[in-house]
Structure formats: C-alpha cells, structure tokens
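Structural description and commentary
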Amino acid sequence: MKFSFKRQARGKLYGGYVLFFVLFCLVTYGVYLAFGYSLISTHDVLHQHVPIMIEYRQLLIDWLHHLSAGPTQWSWHIGLGADSFQTFSYYIIGDPFAYLSLAFNKAHLITGFQLIGILRMFCAGLSFTYFASHYSLKRWTIWAGALVYLSSGFAIYASLFQPFFINALILLPLLITSIEAVLQGKSAIGFGIVVYLSVVANFYLAFMLACGGVVYLILRWSLLPKPFGKIRWLNFGRLVVSGGLGLLSTLWITLPEIKALQASPRFDVPFASGEHVYSLQYYLSLPSALLGNVNVDPFWLNTLSVNVLLLVIVWTVLHHRQFNLATRTMLLAALLSLLPLFAATLNGFTSPSNRWLFLLSLPLAIMSAAFFQQVADMSLSDWLPIFKWSAVVLVGVIISALVMADNAATLLPQLGFFCLYAAIFTAGTLQPQLLRPRVLLSVVLLNIFIAFNFENAAYDIHQFLPQTSAKELIKQPYGSGPQALRNQKTYAEQNGQPLRVTAPTFARTSNLSDFTVSGGGILPNNFLLNDPNTSSFYSIQNGAAIQFSRALLNNQRQLNLPVQQFDDRARVLNFLGVRDVYGNAPLPATANVPHNYAPAFGPTETLNQRFYGPNGDVQAFQTKDNFPLLYFQNKVISNKTYHEMTATQREVNLANVTAIKNPKGLQATALIPDDTVIPYQLFDENQQKVTTSAIANTNKQATYTLYIPQAKQYRNMEVRALITNVHYGEPSLHDRLQIDQLNSPGINGQLSSASNQTSQHGVWDALKRDVSSGSPSQAWRISLTNGSVTNSLSQMPETNLSEYERTTAGVLNLGWVDQMPNGLTLQLGQVGQYSFDLQLVGLPMTAQYDKQVQRIQDNGLRQLGLGHNEITGYVTIKQAGVLASSVPYSQGWHATVNGKQVPIIKTNQAFVGLKLMHTGRQQIKLTYQTPGLHTGLLVSFWTVLASFLVVGITVIMKRRKD
C-alpha cells in the first residue's frame, strides 16, 4: 500500500470516528459506569496515578501562586522523602493530558481523571485515523481499523491500569507518519516534534517507540528505489538532525531522570530475570495470540482482542508481495517474541517484558482495515487457502490453549467469534448484503464487548472501585484516625503521661502489615495526600531507601515499594521517626503490633477507641520512642565495621551508633551485643533431626519444627529469624511430575477422595496444572510461625516483571514474646531443593534502649523547619560528632553550618548527615535542588534556540531557491 501525503478533506472521516468512539465507550467503559463502578482500578491507578495527579495539580497551583520561590523539588509525602520532580517525571510532568486536571476543581478531580483517561483513548483512535487516511482506504474500513487499534490487549489494559501508557498509542502513528514525511522529501520538523513529545511524555515508552521507529526506517529504506542514492542520504541526515535536536531539547526532564535511575535499584537486577528461555506456558500461549488475545500475561504477551486477527495475518502473508513491509514486520515480531533476550533488550535491558508488542498494534490494525476493504471482492476460491492455513493454526490453538492450558473460558468465545467471521465472509460470497459496512462494524463492536467484559478475569468489574468510595480510599485510608490523633488527648495524656518535652515535632506514620482498606483486601501503598508515611509505590524510587532496606534485610522490600511497613520491626520504625501506627479494629488474629507501640486511646487493644474507616473501624497505636528527623550523635562506627555486622546487629545498634565512611577525629564506639542468639534443633514430620543446609521438599504441606531447648530463659524480646545464603534448586517440569506422582492418590492409581481417577488421567491433570502455573519457576517461600504470627521470606517469580530481583537473605519479625515458646514451625512453600542458614535472634527492649532514645531526642534538631526545598534548625553540642538523620540521601542536598558550606556525608550508608567538628550552637540549613535540572534546562533552552535558527535558515534558503 502506498503512503500518500496528497491533500484531502477529512471532516466526514473524523466525524464518523467520533460516532464509533462513542459506541466503543458504551460497550466497554459504559458497562462499568452503568453498574455504579468507576474506572479507578484497585491497583496502580488507586495507589499511583490518581494521587499523583491530585498532588501534582496542587504543586502546580502553589508554584503559580509563588513563582519566585520556584517549584517544589523535595516532598515529605513520598515515602521517607524523595525528589518530587524525579519521581513524578516518569508519570506526569511531561504528559500534556496531566495539565487538564487544572480545569477541574477539587471536588471533581476523580471524575476528571476518568474523563482524561477516556480522552487519551479518543486521541489514540484519532491518531490512527489520521495515519490511516494516508492510504487508499474507505472511510468505514478506517473506522473498523480504529476500533481494532483501540481494542488491542495493550490498549485495554493500559486504559484501565496504566492510563499514561496510552500516550504511546497516540504517538506511534504520528512517529511513523513523520518518518514517512522525511523519506518522501517533506519537512523534518514534525519528526523532531514527535521525538520531543515521546521522550518528554515517558522515557521508558519512548525507548520502545525509538526501537519501533528504527525498525520501520530500516525495513522501509530497504524497499525504496535507489536506497543509497544521494537524496536518500540527505533525507537521512535531515532525520538525524531533527531527531537529535528534539532529543537534546528534552534534557530538562531526561537528565534528572537519568540521575535518578543511576541512584535507583531499577537496573540492579539480573538481565532478563536470569531467564534464557520462557516457560512452556508462554510458548503454548503463542498460538492463541494469533487468534486474538485481550490478556497481557504471561510476560505481557498481547495482541488484538478482535478475533478476525488470524484471518488478517494469514491473508497478509499470502499476499506478501503486495504487503511486503507488513509481512516483514509481523515475521520479525514473531521472531523477537520467542526469547527473553529480545524482550529484555526492548524493555530497556531489564526484565523480559513484551510490552514492546504494542508496536504491532499499528500494522495489525492497518492491515485489518485493508482486509475489510477487500472482503467484498473476494470469491470462495480466495477464501479457501486462507481457511486452510487458519485451520492449521487453530489446531495448535485448540491443543495448546484448551487441552494443555485448560483455558476454555477465554478460548470458546474467541473461537466462536472466529467462526462467526468465517461464516459471514463465506456466506457473503453468495449474499453480499452480509458484507455491508454496518454489519461488519456491528460484529466488531459485539466482539469488543465480549472481549472487554468477559474474556479476562484481570478486568473483572470487581477490580474497580465504586464511584462513591474512590475519593475516600485515596484521601482517607486511615479514616478519621489521624484527625483524632491531632485533636484528641491520647490515653497516656489523659492519665498524666504527656509526650516528652524534647519529643520530635516531625513524625511519620505507618500501618500494620496486614492492614486493609477494603473488603477486597486492598493494602494501602501510597500516602501522597496524607501525613508522611514509610510506604510509597512508584517506578522510580530513591536508591538510599532501598539500600537501607537491603542492609537490614527487610523482607517486605520490593523495587517499587522499598520500605512498606518494614515488617513491623519496632526499633526500625522508631529510627524512621514513626510515631503513629494504624490497624483494623478489631485486629485480625495474625496482627503483629510493634512492641513499644501502645493503644493510643485505651489501656488495651480491646478497649482502644475505634474510628470510622473505609473498611470498617480503624484504631491507632502510638509510641514515645520515635527518633527526630535529624539529631546529633557523637558515637560513630566506620562503614567497614557496619558491613561486618549482621542485619539484626545493625538493627539493635540503630539507637547506639551511626555508621559513616570516615570516622577520623570522632569518638570510636564499641558495639553493644544486645541481640541474643537463640539455639534450636530442627526436626521433620517424622521427628528426625535435619539441617537447613539441604532440605528436599517434595510436599507443599510438609512442616518442620524448631525445638528450643532452653526456651524459659528467653523472655521479653522481639524474635527475629535471620535467613541468609538461600539457594533454591527449582525442579524441572519432569521432576515436578515425579513429585506430583509421589503426592497424588489419583496418579498413584488409588481412588482419590474427590473422584474416581486413573493413573494416566492423574498424570495428565498434573501436567496441565504444572504447565498452566508456569512451571518451572524460580519462585520459592520459607515461612516461620510463632503462635498466631506467621511470616515469610519469598522469591518473586520471574513473571513479576516490575518487582523481580534475586532474594538470598531476609529477616522475619516473629513478634514479641513474654516467654519464648518451646517450638516454632517452619514450612517451605514450593517444592524443590532448599539450602539456607537460619539463626533465631532475640532483641530485648530494655531500659537501656529507652535511655538511648531519650538521649537522641534530647539531641534532636531544635526549631525544626521544613520549608520550601529546605530544612532548618539548630543543635547545641559539647563535643564533635555527626548530625544523623532519616532523610534519604540524594546528590541534590547541600548544607551550611553557621552560614558556611559543608559537605554532605552518608549516615548508615543511606541517609543525609553532616560532620560537626566544633562545639557550641550549630545553625543548620539543608537545601535541595533536583540533580541535573539546572544543566538540563540550560541545554534544552539553547537547543530550542538552535532549532529555531535551523528552521529559519531552512525557510530562507527554500524561499531563495523558489
């Protein structure tokens, strides 16, 4: 097909598209709205996108009201504190749609977010319509192609769970159009603008767009007449210059992002998650992707949801001479989808995610439009080879998806619609009225309705919040609890025990690890619109926060959630300045309340006052042992000593010492051996003594007992399980089947309790179950139970493309014990060969600890001021030491002491600190500026000027030539 820039009237084309987009919305999002649900999913949209939009809107308004102060660059509401520019740049700062939030008042921001999401989808379809209009296609086929484009698995998923990803579908047709313009000798300005918009909107998706653009350019170039002629190289040079200027113009946002990524843990993971090939489950999913697939699992394998796709692909390949470019593109995509190596490379050299397959949405949609244009002219003899080759693929689809993966719920509607299309096209050779546009467009809309609403449990309507509860869950995850703590006297204050005079004025909040904010078990992960909280859920995280989590082996650590509740470990929460902890009321039996956090409004948990919450009542717990944000510490150790300590030793010494790189000139401190190693013996179910160095677990339900011989002597302590050097041998699929045979009565030929099953049938069922679960898998889990408290250390499966990292160690909080029990329970959660070191450790909370905390609070920064991108205060000292803190380290921090510039140092390898070598009153001022922002703005400014200069010279030269 020829791509033409011939001028044409597009008014009727766009008008018809508007009508069909309205119909598209009615059969998709309209179903949700009709049942009273919002388009706010309980996953990323609830925890990331909506709070970010609301917060960024407020930051913009504040900046516009105080332009001279500059924008806010550091926020205390992003976890422990983080660079707001770097964090938000991934999501919203370069997104033009984000600024539409300014058109909505506070009361309608949730509605505004949903309308903006629908507008994104409208623009994606409009962009495709504009792109398709450059081909010789009838209007109705372009509308059909737009519906196909909007209903791709990527588009549907992104619109519901990652709305800003839709920007890529808007930019992709514009990118290809701008490349074509340059190749055909037209202006290169559009290409530079599209490059700029792509990178600014989201650098991650821009990388994939760039890969797609390069592939298109190479394939298209190879088809040009005289590809190495002078004019071709001149056009290529214009493409490079325009793209280069567009790219340099983005440095105002990309340079700070690069700085953030260098310090973040995002790329500190094994390439392609350590995978060389995909699981059998993935390869068996490939044939069904040719039929049409609304799903994005496993590994983001997504195509179109309209089930005419197989016929379109076969028709295109059979006419490969006519559609050479499209055929090459499809074959290359098929090849790249076979190995994790390619997916990881196209995913920014990280995890093996096939998100890049969204690039295939454009050629598949445009070929669908071309296909619909031809169906009225095709005879039965034209259809026979298409049906023949489609039948071959369908055999593979039926075997893999229905028999092996047991995926009937999804496959049957897809097969039904495929057969419906085939029947209409066949009957249409005799009854042409069946091939009228209104008939085919109606079938496409019906297909989209079924695919969107019934073919994927991930899009189940119950995954979305009711319209009335979205705002409450976002703005009040703890209900009225925080307001009560601000306005009411606590139980301690009512009984003559007020907070200490030196109690910190800045405090963070947290919640118990099992706290939920809805009946569906939704865990709160983002508190952007609430009091400063330990938890944050973002794709770009401050590297210092996760470094601290790794040093103390926080078992809740994830790449997007570096701290969470730190496993409810009391000493760590104290160090992080957490004063208030919230829990459900009544507490679930499994709740693990940190030891020194007492009920805030009652003598006991049972009598603690309850407050209204979004999921039943909420109650608050409070401590007096929370550390100040910044405090003077005269006792230090070197980083070398810190490295030699175990995670529990680091935890127990948080109040005692501070680790720095160079302690020269400061007081060297002996560590306090305040953690107690508890000896134990490990027994299996047969009461045979075993060791953790080699456990072959062949049964998920197998349990082991940790017997503690001298349990009575261990009292009044928080118990930790320190697990290190974990090695896991994952069983192959063959090994897994043998294990199943050992543990399944049906496979052994005996009658199972559920059914009369032969041995052969049992093996077949086991094979299907193991394949559909993604076996073999790197995932494993080690769980320990102390009474009602169960805690686990686990390995994320390689299919978790956002959070995967190798886990080899962790600390489990097993709760407080007044008296150590005689035994604990150990359970291994996945079959396989385990080897690890396990140490039980007790951390007493003694009077000595209280004195350490009192000393730290007495040495806290006085007159603490958290201003606009700055921290101020003073401390009076009698000897040299360090100003320690729980302020996450960043290169953007700068400091003065008594007006003189001093270098920032890292304390505890993760937080901002200062060396204070002089006695007396020290006036402290910390200021923050986003790293790379100033330089990026300068480069972008001069690049824009250079771009205008180049355009001006080009225009003048063209006029003179004319």
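Conventions we followed
- Residues numbered from 1 in each chain as written.
- Predicted model: local features only at pLDDT ≥ 70, side-chain atom pairs only at ≥ 80, totals over all residues.
- Heavy atoms only, no water.
- Patch = residues over 30% accessible without salt bridge, like charges linked within 9 Å, V, L, I, M, F, W, Y side chains within 5 Å.
- Areas by Shrake-Rupley, 256 points an atom, 1.4 Å probe, with all protein chains shown as cover.
- Salt bridge = Lys/Arg side-chain N within 4 Å of Asp/Glu carboxyl O.
- Helix = DSSP H or I, 4+ residues; strand = E, 2+ residues; numbered from the N terminus.
- 1 Å grid on protein atoms, 1.4 Å probe; cavity = no way out; pocket = protein on both sides within 12 Å on 5 of 7 lines; lining within 4 Å.
- Points joined across faces, edges and corners; volume = space filled by probe spheres on them.
- Nonpolar A, V, L, I, M, F, W, Y, C, P; charged D, E, K, R; others polar.
- Domains from an automatic or database assignment.
- Buried < 20%, exposed > 50% of the residue type's maximum accessible area, 1.4 Å probe, protein only.
- Pairing = 2+ DSSP bridges.
- Phe/Tyr/Trp six-rings, centres within 6.5 Å; stacked < 30°, edge-to-face > 60°.
- Lys NZ or Arg CZ within 6 Å of the ring centre and 35° of its normal.

1. Comments concerning a nonpolar patch on the surface
- Taken together, the side chains of F271, V277, L335, L338, L339, L341 and F349 define a hydrophobic patch exposed on the protein surface, amounting to about 610 Å² of accessible area.
- As for its position among the elements, L335 is in helix 15 (residues 324–336).

2. What about empty space enclosed by the protein?
- Scanning the entire structure with this criterion turns up seven cavities of 30 Å³ or more.
- The computed volume of the largest cavity comes to approximately 150 Å³.
- Taken together, 14 residues line the largest cavity, and the ones lying closest to its centre are H49, I92, D95, F113 and R120.
- Partitioning the lining of the largest cavity into residue classes produces ten nonpolar, two polar and two charged.

3. A word on the domain arrangement of the chain
- When the domains of the chain are assigned, the result is domain 1 (10–462), domain 2 (480–535 + 562–626), domain 3 (631–637 + 656–665 + 849–928) and domain 4 (676–730 + 776–845).
- For domain 3 versus domain 4, the separation of C-alpha centres amounts to 38 Å.

4. A short note on the pattern of salt bridges
- Overall, the coordinates contain 13 salt bridges when judged by the stated rule.
- Across the pair E644 and K640 runs a salt bridge, and its minimum N-O distance is 2.9 Å. Highlighted residues: E644 and K640, both in helix 26 (residues 639–644), separated by four residues, approximately one helical turn.
- Take E644: its relative accessible area is 56%, and that puts it in the exposed class.
- Salt-bridge contacts for E651 lead to R720; the nearest nitrogen and oxygen are separated by 2.7 Å.

5. What to know about unusual backbone geometry
- Cis geometry marks the peptide bond from A585 to P586, where omega comes out at 0°.
- Mapped onto the elements, P586 comes out in the loop between strand 6 (578–585) and strand 7 (598–599).
- With omega at 0°, the peptide bond leading from S775 into P776 counts as cis.
- Within the secondary structure, P776 is located in the loop between helix 29 (759–772) and strand 20 (780–786).
- Residue F349 is not a glycine yet carries a positive backbone phi of 65°.
- Although it is not a glycine, F566 sits at a positive phi angle of roughly 50°.

6. Observations regarding the sheet that holds strand 23 (residues 823–828)
- Spatial strand order, 16-15-18-23-20-21: six strands in an open sheet with antiparallel pairing. Each edge of the open sheet is held by one strand with a lone partner, namely strand 16 (689–690) and strand 21 (789–795).
- Two elements, strand 18 (residues 703–707) and strand 23, share five bridges in a ladder whose sense is antiparallel. Residue T703 lies in a different strand from strand 23, and its bridge partner there is Q827.

7. Points about the packing of aromatic side chains
- Summed over the entire model, instances satisfying the criterion amount to 66 aromatic pairs.
- Here Y29 and F452 contribute two aromatic rings whose centre-to-centre distance is 5.7 Å and whose plane-to-plane angle is 90°, an arrangement assigned as edge-to-face. Remark: F452 occurs in helix 20 (residues 437–454) and Y29 occurs in helix 2 (residues 29–34); sequence separation between them is 423 residues.
- On the basis of relative accessible area, Y29 is assigned to the buried category, the value being 3%.
- Ring centres of W233 and F236 lie 6.0 Å apart, and the angle between their planes is 90°; on these two criteria the pair is classed as edge-to-face. Taken as a pair, W233 and F236 lie in helix 11 (residues 230–248) at a separation of three residues, close to a single helical turn.
- F236 gets classed as partly exposed once you look at its relative accessible area, which sits at 33%.
- The positively charged end of R650 is found above the aromatic ring belonging to Y642, 4.9 Å away from the centroid.
- The residue whose ring lies beneath R921 is Y874, and the NZ or CZ to ring-centre distance is 3.7 Å.

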